[in-house]
Amino acid sequence: MRVEREKRTIIEPKVLKGFRDFLPSMEIPKKAIVNKLEEHFSLYGFVPIDTPVLEYTEVLLGKGGGETDKQIFHFLDNGERDVAMRFDLTVPFARFLALHQNELAFPFKRFHINKVWRGENPQKGRYREFTQCDFDIVGADNAEADYEILAMMESSFQVMGVTDFKFSVAHRGLFNAFLTHLGVEEKSTEILRIVDKLKKIGTDEVSALLKECTGTKEKAEDILSYINVENPDEPFLTTLERLSSLAGGEIEHTARMKAIYGYLSDAGIEDHFTLDPSITRGLDYYTGIVYETFLTELPHFGSVCSGGRYNDLASLYTKEQLPGVGSSIGLDRLLAALEELESPVIQRASSSDLIILCLDESLRSWYDQLARRFRSEGIRTDAYLLNKKMGAQFKYAEANHIPYGLSCGTLEKSAGKVTLKNLKTREMHQMISIEEAISIIKRN
RNA sequence: GUGGAAGUAGUUCAAUGGUAGAGCACCAGAUUGUGGUUCUGGCUGUUGCGGGUUCGAGCCCCGUCUUCCACCCCA
């Protein structure tokens, strides 16, 4: 038997580049965050949907192709169909809308939390397989819908326990109006990409690239003056007025942004939002407001939550016009950032709230009854399964970050009491009632 | 996909081309109706993988994989 085992070839237990295993220390906080977000989205009346991992390649790539840009995983399936793995949740959602619009009530508000795949070169916070948390509103092209998405972004970060973040907001439509006013609208895609690099390569580099792109120094400077906020503390509405006049007194988009900002102010959350005209978003389907989210202490990680308004995304698949606005949280990037920040969101992850220690093997049945009682109170309770020394049991509890231990023997059983120990402070609550123990655990 | 840097025990790091080591962690034992100290013993490595040069390679050379960084793009 043993000889046979040693002879057998061992397959190297490797995983693909950019793909990862999740150990409990990461999967527990990830699951906890997902659960909180799902509950939170539901509070706003959003409903969950799901779509297939695989789609026809033509469905995901749209008309323009651009396969190399999207770095999509695609292949022929066993029936020779040209298939691809979804690289985001928005494009499959557009397909979903076109297919099911008769079965949906609009405005349709959905959320979708699942994995997506991109064949990019991985880096820290950038993976080939990662989870997106999308939430979108379709069928409402107004400031109220735009605001609701922004408000949900803000409250979602609060719910996740993330504190140091900033939302950078801009308006693609307003920027396009400005470019038209300048007479360079045919170069807009290229200009957007250059502008997007401002924070990374600096003003001088961007200026040089813009000059090259537009052909004149004046236009490059005009664009720079539009995107470059000299005064970072300039009030939102002042910046907006400035952009509006630069765009030739544009009215429609300015009014929309004003209305959105009004709602943010009324809700008292406007401080989290900055009007940053250098935010453009590379994706060309955006038509209105766009936004990115940066963690104050780790701006180089990139955006952890981005999105915007797209008023004709579904037009690839249907003649019906379905205006949408939405946002997507990059959960894996966010978790990587929180890990680097040694955030309590990750470090506090525990497998359970209470462990029932085994002092006396003959009391197993009673331990089980205690466990059932605590579980019925919604307390995650782990009954230690082995008959080991206390030291080993405490080590197990510590490794799993379990805050409380119940250490009970025949004394407690005959008295109808329990002894609860705070495993961190090592404080003992001896001979207390089960109800007292429950309230102590719940208080924490 | 292109360019650059790095890969040694679970982890942090050593080792002039000459027997691969240390701390922490881990496991076992002693003591204990209760683990942070102490003591004793122990384990962990095909030096990422595959070739080459050499009497001899963790070290030099080539390839490959992975990670990290930049480009690109983005969550």
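Residues numbered from 1 in each chain as written. Chains lettered and ligands numbered in written order. Predicted model: local features only at pLDDT ≥ 70, side-chain atom pairs only at ≥ 80, totals over all residues. Heavy atoms only, no water.

Caption draft 1: Structural view of the packing of aromatic side chains. Across all of its chains, the model carries 18 aromatic pairs by this definition. Ring centres of Y285 and Y310 lie 6.0 Å apart, and the angle between their planes is 85 degrees; on these two criteria the pair is classed as edge-to-face. Linking Y285 in the loop between β8 (273-275) and β9 (289-295) with Y310 in strand β10 (residues 305-310), this pair joins segments that are 25 residues apart in sequence. Here Y285 and Y310 have matching classes, each one buried. An aromatic cluster of three or more residues is present, and its members are F157, F165, F167 and F273. The ring of F22 has K30 lying over it, and the distance from NZ or CZ to the ring centre is 4.1 Å. Residue placement shows R110 over the ring face of F93; its charged tip is 3.9 Å from the ring centre. (Phe/Tyr/Trp six-rings, centres within 6.5 Å; stacked < 30°, edge-to-face > 60°. Helix = DSSP H or I, 4+ residues; strand = E, 2+ residues; numbered from the N terminus. Buried < 20%, exposed > 50% of the residue type's maximum accessible area, 1.4 Å probe, protein only. Lys NZ or Arg CZ within 6 Å of the ring centre and 35° of its normal.)

Caption draft 2: Region of interest: helix α10 (residues 217-227). Taken together, the buried positions of α10 are occupied by A220, I223, L224, Y226 and I227. Around the axis of α10, the buried residues are gathered within 160 degrees of arc, so they sit on the same side. The elements touched by buried residues of α10 are α7 (172-182), α8 (188-196), α9 (198-214) and α11 (236-246). (Arc of directions from axis to C-beta. Contact = heavy atoms within 4.5 Å.)

Caption draft 3: Fine view of the nonpolar core. Ranked by internal contacts, the top residues of the largest apolar core, which has 73 residues, are F135, F157, F175, I191, I223 and L334. Of the residues forming this core, the biggest block, 10 residues, is contributed by helix α6 (residues 143-160). When residues of this core are sorted by domain, at least three fall in each of domain 1 (18-159 + 323-349) and domain 2 (165-295). Beyond its immediate stretch of four places on either side in the chain, F175 contacts I191, L192, V195, I223, Y226, I227 and T280. (Core = buried A, V, L, I, M, F, W, Y, C linked by side-chain atoms within 4.5 Å. Domains from an automatic or database assignment.)

Caption draft 4: Just the pattern of salt bridges, in detail. Under the criterion given, the structure shown has 24 salt bridges. A salt bridge links E377 to R373, with the nearest nitrogen and oxygen atoms 3.0 Å apart. Within the structure, one salt-bridge network assembled from shared partners comprises D141, D146, R256 and R309. (Salt bridge = Lys/Arg side-chain N within 4 Å of Asp/Glu carboxyl O.)

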